[in-house]
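Spelled out, the chains give:
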Amino acid sequence: MSSNPYIWLEKSLTSIHRANWYRSVKTIDGFSGSTVLLEGKEVINFASNDYLGLAGDERLIQAAIAATKEYGTGSTGSRLLSGHRELHRQLEKAIAELKQTEDALVFSSGYLANLGTISALVGQKDLILGDQYNHSSLKNGAKLSGATIIDYSHNNIPDLASKLHQHRSQYRRGLIITDSVFSMDGDLCPLPELLSLAEEFNCMLLVDEAHATGVMGKTGAGCVEYFGCTGRELIQIGTLSKALGSLGGYVAGSASLIDFLRNRAATWIYTTGLSPADTAAALKAIEITKTEPQRREKLWRNVNYLQQELSGLNLLPSQSPIICINLFSPATALSTAKQLEKEGIFAPAIRPPTVPTSRLRISVMATHQPEHLQKLVAVSRVLSRK
Ligand SMILES: *Cc1c(COP(=O)(O)O)cnc(C)c1O
């Protein structure tokens, strides 16, 4: 048998194209702010996770430069060997202070934080219950753990309760995992109800605050603060790469949780420590999040304005700066995004398999100016009439 073992790649790509699922990268030049140069053309940026506009902030840039000059570009090893710096500890203390938890641990990305934490906390004798719309990193962390995984329907507390009733007693540990702000929908998990169920069924609860940190709650601590659940025992994951404008992930929780993860989370133990530049930039961002609440206030004024002005369109329910317009098919989503781009607006089409139904995803920034928002509203109204 003489055949090419790689020939299936071409065939697979052809099917991806045929389904309108094909993706490719787009080049952005210069700074990514409320406007960007997208493939050479200036457009208004509704595609960024930089909610507070910190990724281009001069103070973060200077902090990154200073840390690079002091410590060099790389941290040169894993944290347990040669990769630990005082800067990492300062960042972990700042995260714990923001979240009001006993301690925190910084990972090289939010994705790795989820993989490492979930697979350290549960194993083959255990049960994971996860929201069906959870982020890829939560789903893959669950798979990696080897635990039994049962999905419950999106934000559906009765469904979760009935699955816990039916299955919980057959397993050793139980872990409920959920996004707090759902990344491709913009709605929030029902955190107080999840905490009650976790207590009732003796389960740990892990919430992914990736899109909530810096954005939700009075001090920007996230949905845990927004729902008045600060101080309750749970496991909070997050990223330094969205509202905090840097790169990296974290876990925040009890001192024993963090101590355990330092000994058992493979994606923390066997990977190189976060670079000095990323660490210093994130530390500065947390400081700004605290001292400049007006950024968060501006963000929410922008969100509320758009929610009101776009309310005539087919929007998904959202309580966050992520606003999604439902679209009929992957092809419509693609053509709408292309139309918007022609009009000078950058808002990506999100399609299966990332989400079950196609949509246009708009993410709002504190640094969007009134004319940016007005243009989006005007263009969306024209497009929706077609
Ligand atoms: C973006 C995101 C992550 C991954 O964070 P990175 O730091 O970019 O790896 C994890 N979970 C959710 C819900 C996210 O939106």
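Here goes a summary of the coordinates provided. The residue count restarts for each chain, going from 1 along the sequence in the order it is written. Only residues with pLDDT of 70 or above have their local features reported here, since the model is predicted, and side-chain atom pairs are shown and tallied only from 80 upward, although totals for entire chains, interfaces and linings are computed over all residues. With hydrogens and water excluded, all non-hydrogen atoms of the structure serve as input to the side-chain values.

### Points about the site of the ligand
Residue proximity to a molecule or strand is established when one non-hydrogen atom of the residue lies within 4 Å of it. What surrounds the ligand is a group of 15 residues, the closest being Gly110, Asp208, His211, Thr239 and Lys242. Here a polar contact is recorded for every N or O atom pair within 3.5 Å, except that within protein the pair must consist of a potential hydrogen donor and a potential acceptor, and residues adjacent in sequence are included only if both atoms are side-chain atoms. Within the backbone of Gly110, one N or O atom sits 2.7 Å away from an oxygen atom of the ligand. The side chain of His135 places a nitrogen or oxygen atom 3.4 Å from a nitrogen atom of the ligand. Numbering goes from the N terminus for both helices and strands, where a helix is a DSSP run of H or I of at least four residues and a strand is a run of E of at least two. Per element, the largest residue contribution to the shell around the ligand is three residues, and it comes from helix H4 (residues 110–121). Partitioned by chemical class, the residues of the shell around the ligand number two nonpolar, ten polar and three charged. When residues are grouped by polarity, Ala, Val, Leu, Ile, Met, Phe, Trp, Tyr, Cys and Pro land in nonpolar, Asp, Glu, Lys and Arg in charged, and all others, Gly among them, in polar.

### Some remarks on a positive patch on the surface
Judged by side-chain charge, Lys41, Lys338, Lys342 and Lys375 come together as a positively charged surface patch. With respect to the element layout, Lys342 can be found in helix H13 (residues 330–342). Here's how the labels work: a residue is buried when its accessible area is under 20% of the maximum for its type, exposed when over 50%, partly exposed in between, all with a 1.4 Å probe on protein chains only. Residue Lys342 is classed as exposed on the basis of its relative accessible area, which comes to 65%. Two joining distances apply to patches: 9 Å for like charges and 5 Å for nonpolar side chains (Val, Leu, Ile, Met, Phe, Trp, Tyr), and every residue must have over 30% relative accessible area and no salt bridge. All accessibility values rest on the Shrake-Rupley procedure with a 1.4 Å probe; residue burial counts only the protein chains present in the view. Criterion for a salt bridge: a side-chain nitrogen of Lys or Arg within 4 Å of a carboxyl oxygen of Asp or Glu. Here Asp and Glu are counted as negative and Lys and Arg as positive; His is not counted, and neither are the chain ends. Charge positions are represented by NZ for Lys, CZ for Arg, CG for Asp and CD for Glu.

### A word on a nonpolar patch on the surface
Side chains of Tyr6, Ile7, Trp8 and Leu9 sit close together on the surface and give an oily, nonpolar patch of about 480 Å² of accessible area. Within the secondary structure layout, Leu9 lies in helix H1 (residues 8–18). Judged by its relative accessible area of 40%, Leu9 is partly exposed.

### Regarding empty space enclosed by the protein
Both cavities and pockets are sets of points on a 1 Å grid over the protein atoms alone; in a cavity a 1.4 Å probe fits but cannot get out, in a pocket the set is open with protein on both sides within 12 Å along at least five of seven lines, and lining residues sit with an atom within 4 Å of a point. Grid points are joined across faces, edges and corners, and a volume is the space filled by probe spheres set on the points. Within the structure shown, the criterion is met by one cavity of 30 Å³ or more. Within the lining of the largest cavity, the residues separate by chemical class into four nonpolar, four polar and one charged.

### Description of unusual backbone geometry
Leaving glycine aside, a negative phi is the common case for residues, and trans is the common case for peptide bonds. For the bond running from Pro352 to Pro353, omega is 10°, close enough to zero to count as cis. With respect to the helices, strands and loops of the structure, Pro353 is situated in the loop between strand S13 (349–350) and strand S14 (359–363). If you check the backbone angles, Thr76 has positive phi at about 70° while not being a glycine. Counting through the fold element by element, Thr76 comes out in the loop between helix H2 (58–71) and helix H3 (86–99). Phi is positive for Gln100, which is not a glycine, with a value near 55°. Here Gln100 lies in the loop between H3 and strand S4 (103–107). Relative accessible area serves as the criterion here: at 56%, Gln100 is assigned to the exposed category.

Functional significance is not addressed by these values, which are geometric in nature.
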